[in-house]
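Structure at a glance
Okay, here's what each chain looks like letter by letter:
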Amino acid sequence: MKRVFSILMAVLISATCLGVAVSAENAADLVNAKAALDGVAKNKANTSAVYGKVTYNEIATYDQYLEANSKIANGKENVTVLADKVTKKTEGVKIEKGSKYKSNAGFNFKQVVYTDETDNVTFKFNMKKDGKYNIKVKYFTVKGKDINIVRDLKINGETPYTNVAQCTFTRNFVDNFVKKSDGKLGFHQDYLGNDIRPDQKEVFIWKESYINDYLGYNNDPLQFCFKKGENTLTFEAVKEPMVIGSIEIVPIKSVDSYETYLSKHKDAKKYSGDEKIMEAEFATDKTDKTLYPSADVSTASTSTYGKNTSAYTQSVNMTGGTNWQYMQQAISWTVADDVKPGFYSLNFKYRQNVNDGMRSPRRLYINNETPFKEAKALEFNYTADWAMYCPQKANGEECLVYLEPGYVITLETTLSKMGKFLQIANETLNEINEIYRQIIKITGTEPDQNRDYQLDELIPDEVKGLGKCAKVLQSIVDGIEKYTGESSSGLSTLNTLIRQMTKMTNDSDKIGKELSYFKTNVSSLGTWINSASYVPLQIDYISLSAPNSDIKEPEVGFFESLGYSVNRFISSFTVDYNAIGNDKAVDENDDETITVWLATGRDQFQIVRQLINNTYTAQTGYQVNLELVNVGAVLSAVVAGIGPDVVLDQATTEPVNFALRHAAQDLKKFKDDKGTAGSDWDQSFDEVLNRFYSETLTPFYFDSVGEGKEEDTGLYALPEKQDFQVMFYRTDVLAAEGIDIPKTWGELVTTITALNKKNLEFGMPVSTSLVANNGTNVFYSMLRQMGGDMFVSDKKSTDLQTDAAIKAFKLWTNYYVNYDLPLSYDFKTRFRTGEMPLAIDSFTIYNTLAVSAPEINGRWGYTLVPGNERTDSNGNKYIDHSTTVFNNCALIISSNNTNLDLSWKFLKWWTSTPTQASFGNQIESVLGASARYNTANLNAFEQLPWAAKEKNVLNDQLSWGKALPQIAGSYFIDRHINNAFRRVVYKDKDAKDTLYDYAQTINAEITKKRQEFGLPVLKEE
Amino acid sequence: MASATKTVDLKKLKASKKKFNPGPARSRGGIIANFLFLCLVGAIMFIPMLYVFCNAFKPMDELFLFPPKLFFRNPTLANFKSISTLMSSSWVPFSRYIFNTVFVTVVATFFHIILASLAAYVLEKRDFPGKNFISRVIVLSLMFTPAVTYIPNYIIQSKLGMIDTYWVMIIPYVGGSMGLYLMKQFMASSIPNVLLEAARIDGASELRIFTQIVMPLVKPAWLTMLMTSVQAMWGISASTVVFTEAKKPLQYALSQIAAGGIARTGSAAAISLIMIVPPLLIFILAQTQILDTMASSGMKD
Amino acid sequence: MATLSSADKKAIRATDRKLLKKKFQNNWDCYLYMLPYGLIFFLFTVLPVLASIVLSFTYYNVLEAPTFIGLDNYRTLLASDDIFITAVKNTLEIAVITGPVGYIMCVMFSWLINELGPKTRAIMVTILYAPSISGAAYTIFGIMFSGDSYGWVNGTLINLGLINEPIQFMTDTDYMIWICMLVVIWMSLGTGFLSNVAGFRTIDRSQYEAGYVEGIRNRWQELWFITLPSMLPQLMFAAVMSITQSFSVGAVTTILFGNPSTDYAVHTILNHIEDYGNVRFEMGYACAIATVLFALMVASNEIIQRALRKVGQ
């Protein structure tokens, strides 16, 4: 009866799969890989990281801006600003001839303005009178990284309000359909009749869009106030290049009512024929690469080519889902030619089974125009199964839509009325947080239960403020309940906070008693705001039918769905999942199917399976048997001779372990592989190595002879994910307390003493029983900063007796002995409350903070870890910010592997930019921002939604990255560095002697292991 | 003399039988103290189970709290729902994983009960050379922890070509020694040899004796074996011996959801509860049978 | 007893052999009935142990064929491997304390439960038996004893003012062994406990009445003279179970304290086997440790069985 704890082990192992690596003189230089980073200038002088004084100024919200300018009337003028009005521009900006970009109707300009992804451009124009206007921009999408174009807008030199910090301009993508024999559109199919999901192609066109609220809180285009005379308008690039045709200052126009819409088409007659179905998977275009159609296998009711879904083949039969849940995402469909002009009853067959009790509203456009007021928000409710919805008035009366062949129907994500509630909730949350910070200034974060802090005398308006905020939140709850019609489970978070704040405001000494509960309730409010702004929705088809005629039932009957699940069950015995995507059957004997093992989770497995079928097998015809296994399974399977050909997501310790025992394949065997010309993944050996930062390859080199010579050193894996440490800081808390961000370890000491005075603290990662390499990473970073290293050049022993090593070890343990940094802490909780406004941690924590602590968005950032002052060869001083970079990896198992070349081809495909980028985007659309993928492929990293400001800091810190090489006996490094640390910190032993003792133990084990494998051993001097 | 005092006490004892009297040597205070003490110990022992139960219903933001609160404040079924949406979008239908676990459990339990009972019957009721040696080896194997011989076991299974098939989950369990030991002890105490001798004289073959006489008599024992093997097989993960997606048992498939990362902490909490509830439920239902068999589990030799 | 001449001895052996042959003849069908179960039992329980013993005489790095090296593994293991010595010390320390304590708890609680009415008894048995089938619920101890000043235990101690900075229960060698024992005891009410509960119920009431007549007045005398002797078989079975459990402590320490723990403070023999088998890939050496562990368990089981036979004399 084996005790089953694989669940907890699986979670723990996947969280700690970034094993430690041991470094020596960097063997990577042996391979003449190109300069370390393609896109990053390695200049040590200027770095975009923030240092010294920190300033934090509150920016007005949209409501405050409108209130302040309520006197200004809506302007009547209509001003078009063209390329000739550019006054200031950075060097990347170019004024080009309009003809350079393919122009279509209404978009031909003599001159246009090209701005790169780091440029700012300012336009000057005059207004006759003060007035409030909307802004419409005509722009052309140029080749970039396939993500939305983002600009920071400034009016007359300063930011009007927060909602314009990231004005978003969308791109245009189309599916790569196949023209079927009967002239209709279809999908590429494999020999079994399974559809291959079409890949997305970007089409570069002119587009026109209002400047909208990127958060989605306001449904109407944003309003801006311009004064009489000269005004300037500046676009500062945040992401992606953009070509600006014209900027129009237009009067504010509201959408006309349904009655006016009917009057505009009063001579059109109502359609009377039978129901016409437009399958949603055949979209004309979309604004996002991730809005691809997909195959739904969960029910027979999804309409596939007009029929019910078959249980034995996978067909692309719907679009949308969790990938269609963010703001500014729109999908459009074109009305077919055989549709007679007239008024139609427009019904969407939709499903939203993710957010219970929440709505997923969409804004309807016909030919890029919202036809009538009710079309501003189609309120798609929560449904477990498929259901029909049509545009309708508040009282449920259906609104008909006038359509003609060639009309374009577009659905765009919107928050509808929820947006207003979320905006107020967000502002109230900031107020509550401000009040909380005033409270803990007096009571500290752990108030003494039986002390009366007289808060109502000391901070009376804060106490009253709690009551005010409670009332505002109550108005939000009532509004939402009226809007959604029933109280969703999410609202209980708001109700608990309202009850608590009302109690606190009436009796102020309750504040001290319930502060910890208050802290949790406030953070739950933040998480609720975050989750309420996702609006996922699936669309099966659009039905055009004669007004009030009955339409097709969205769900199939009971027996049909029972039959479907039985067939599905039987299909699991007959369908060969590996063959999906292959256009020819594979005969058994020359079987070139390779087995690939993946050791992560089920979400990742399903995405990789899809990627292989739709791209790798579809392009190369080679099949891949992908299997999701437990981390522990690899070793025993290789032993029993039934191991895989390629293993993904392995710890950094595995390549050398397998290489030592001749079970891993030396990738240098493919040194002169030239790849196929023009392919974006099947590249040459050197191009493959250049995908990564050269330092990250260090742990995968292994010198089989042991004398440190280049020709004996093989490369046994390619990096997959990448992690390193950065320093997080809370701008608002440091600004309020007047504490500077330290640049060197010396300055850090003064910062810590300043923090302790205000009972705040600094945090540095410490090894725990579950994550053994935290401590080693911090120590190794300091060691490299001091110019030392873990191993001697030929790696026969550790190099921990040098004074650089002793200085680094003393520096590290000193922070815990003399400045008693916390030995165990939950960084996210303490950073959120502000107790720990400055700490070093892995940069991937960025994702979890962005999701679990929305209430501090915009109030924190990260910079390089503290450095050490050094003088380089020609005498000038610089600061070395080295940090440990560690990667998990993918490797080829050589023992009884008959398809080595195919394994290498698959490895090249898996680590290529397109594959890593689309995997990163898809995993984030399924698991959310907390799963943002930290790929080691530098170009793919650029394509993932890391905001630009952070990327420069990340690339700067990465340029300092140092990796630990792996050697025989590396497993002793973690355990004994931790033992040494704990002996010095817990038992106050002397640092120098402790380091010496444990270095000897490690050296003994290294020698023993090298003897075991016949490697030359350190000669005893 | 002894008998006289005996009669007097019997009358007193009969009188005491009627009202609740737990036996001659118990004071009322002792019973209440005992009950309270047991409740206290029960509460302490049960906190971790309660923690796992409450975690499954906590929304994500409460799961991320540190220090975690024991009880949930805004319970939600979102964790269970996220499991069902993920499972419904996978090619291998959820029904197949359930079928794998049920198939493996039924086959393993059936063969385990039949073969182990047959071996126990022969070991207990028949005398043949080598019998004592085998019994002692079986008792020794009770002390045996599989974690110790994991790699040799794996090599034997792969040499027999069982890896990545249903058999690797079924056959090793059929050879389990705990079931055999319990059955052997139960047969010893509840099947009189004279009954078997009579049947043999009437000319009944061994198999007929085994099936018609012995098995019906040892009903509680093989019910216990049924319960323990269902408990074991329900939780079987076979995570290092089964690789093809369509052959994975339910527990293995669910545990891989939890490995998806931080975003799946909610599903992981729900899965932990799903894993614990069935064995607990089975134990509660079958407690009486299990305790009957356990009564005879003592070591005579 | 007169010494037997060699001829008589040969005769006795002959008759024994004849008797044995006869016994074979009329019981040959037993082997047939034993065959299916026996074969599987041998293949998947006995053979791995034998293979492990054989492998313990080889150098086997898991990925290449094993090479025979005689007693080297045992020599290094017993002579120069001081981590193994600490592992044995830790395992014995845990076994010696949690074994008896867990065992006494098994007996005591089953005895106390016996007093309750049938309904409450069933609930109480479930509650006390639940931890041992609860899979990985013991990870809560990791949260309870977290080194963070907000951890449950540290938090309460700081609030009560007993300590001013958090104790690192999980990484400070002074505290780790006690936390480990606490967890093992928490999980010790397993199959042995069930057999005791059942055992108590088989003693029929009349024995107590007879005891009352012979002058047994209080609860403790009753326990020692009536209850325990009649429950001897269950006690011995529970003893086997608790030995197995305390010797095979491994998963608990890996999950809570990491493998290896600080300065090997809670490093058990099973952890040592995993360290050599799965981390250092020295499988031959790991099999040697496993064989020594198995021998240790069998020996300690014999000693305890003999001691238990004296109960009630």
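Cut-offs and rules
- Counting of residues starts from 1 at the beginning of each chain's written sequence and follows it residue by residue.
- Throughout, the order in which chains and ligands are written sets their labels, letters from A for the former and numbers from 1 for the latter.
- Confidence filtering applies because this is a predicted model: local features only for residues at pLDDT of at least 70, side-chain atom pairs given and counted only at 80 or more, and all residues used for totals across whole chains, interfaces and linings.
- Side-chain metrics in this entry use all non-hydrogen atoms of the structure; hydrogen atoms and water are not considered.
- Each helix is a run of H or I in the DSSP string that is no shorter than four residues. Each strand is a run of E no shorter than two, and both are numbered from the N terminus.
- With a 1.4 Å probe rolled over the protein chains alone, any residue whose accessible area is under 20% of its type maximum counts as buried; one over 50% counts as exposed, and the rest are partly exposed.
- Two residues qualify as a contact provided that any one of their heavy atoms is within 4.5 Å of a heavy atom in the partner residue.
- Patch definition: residues with relative accessible area over 30% and no salt bridge; like charges joined within 9 Å; nonpolar side chains (Val, Leu, Ile, Met, Phe, Trp, Tyr) joined within 5 Å.
- The method behind every accessible area is Shrake-Rupley, applied with a 1.4 Å probe, and residues are considered shielded solely by the protein chains displayed.
- Only one rule defines a salt bridge in this text: a Lys or Arg side-chain nitrogen within 4 Å of an Asp or Glu carboxyl oxygen.
- In this count, Lys and Arg are taken as positive residues and Asp and Glu as negative ones, while His and the chain termini are left out.
- Charged groups are reduced to one reference atom each: NZ for lysine, CZ for arginine, CG for aspartic acid, CD for glutamic acid.
- How far a helix is expected to stretch is found by multiplying one less than its residue total by 1.5 Å.
- To get the bend at a residue, fit one axis to the 7 residues ending there and another to the 7 starting there, then take the angle between the axes.
- Following DSSP output, two strands are said to pair if at least two bridges run between them.
- The convention used is that axes are lines fitted to C-alpha atoms, helices contributing only their stretch in contact, and that angles between N-to-C directions extend from 0 to 180 degrees.
- Confidence of the prediction at every residue is given by pLDDT, a number between 0 and 100.
- These domain limits were set by an automatic method or by a database of domain assignments.
- The term buried area means the drop in 1.4 Å probe accessible area that two parts suffer when joined, counted for both and summed.
- Whenever two N or O atoms come within 3.5 Å, that pair is a polar contact, provided that in protein one can donate a hydrogen and the other can accept it, and provided that, for residues adjacent in sequence, both atoms are side-chain atoms.
- Classes in brief: Ala, Val, Leu, Ile, Met, Phe, Trp, Tyr, Cys and Pro nonpolar; Asp, Glu, Lys and Arg charged; the others, Gly included, polar.

Residue and element names in this part refer to chain A. Tracing the chain through its elements places N934 in the loop between α22 (913–927) and α23 (938–943). What makes N934 buried here is its relative accessible area of 8%. For N934, the contacting residues outside a window of four places in its chain are E720, K721, Q722, D723, F843, T844 and W946.

What follows concerns a negative patch on the surface. Negative charge collects at one region of the surface, where D452(A), D456(A), E457(A) and D509(A) lie side by side. Take E457(A): it is sitting in helix α5 (residues 455–458).

We now examine helix α2 (residues 28–56) of chain B. All names here are of chain B. Its 29 residues place the ends of α2 42 Å apart at the C-alpha level, agreeing with the 42 Å of an ideal helix rising 1.5 Å per residue. Of all the bends in α2, the largest measures some 40° and sits at I47, one to four residues before the proline P48. The complete set of buried residues in α2 reads N34, L38, V41, G42, M45, P48, M49, Y51, V52, C54, N55 and A56.

With that settled, consider the sheet that holds strand β35 (residues 718–723) of chain A. Residues and elements named next belong to chain A. The strand order across the open sheet built from five strands is β31-β30-β32-β43-β35, with neighbouring strands paired in mixed fashion. Of all strands in the sheet, those bounded by a partner on one side alone are β31 (624–628) and β35. Each adjacent strand pair in this sheet contributes to an overall mean axis angle of 15°, direction not counted. One ladder, built from five bridges, connects strand β30 (residues 594–598) with β31; its direction is parallel. Bridge pairing links T595 to N625 in β31. Where helix α11 (residues 602–620) meets the sheet, it contacts β30 and β31, and its direction lies at approximately 175° from that of β31.

Residue and element names in this part refer to chain B. The share of residues in chain B with pLDDT of 70 or more is 89%, and the mean pLDDT across the chain is 80. Low pLDDT, under 50, characterises residues 1–8; the predicted model gives this stretch zero contacts beyond four residues in sequence or across chains. Low pLDDT, under 50, characterises residues 15–22; the stretch is placed with five contacts to residues that sit more than four places away or in other chains.

Here the focus is the domain arrangement of chain A. Residues and elements named next belong to chain A. Entries for chain A in the domain assignment read domain 1 (13–44 + 723–885 + 962–1012), domain 2 (72–250), domain 3 (268–277 + 297–415 + 535–560), domain 4 (419–532) and domain 5 (573–722 + 888–952). The C-alpha-based centres of domain 2 and domain 5 are spaced at 38 Å. The interface is formed by 10 residues belonging to domain 2 together with 17 residues belonging to domain 5. In total, about 1,200 Å² of surface goes out of reach between domain 2 and domain 5, with carbon and sulfur atoms giving 57% of it. When the area that domain 2 buries against domain 5 is broken down by residue, the three leading residues are K145, Y191 and R197, summing to 45%. Along the contact surface separating domain 2 from domain 5 lie zero salt bridges. For the pair domain 2 and domain 5, the interface holds two residue pairs in polar contact (both at pLDDT 80 or more). A class-by-class count of the residues in the side of domain 2 that touches domain 5 yields five nonpolar, one polar and four charged.

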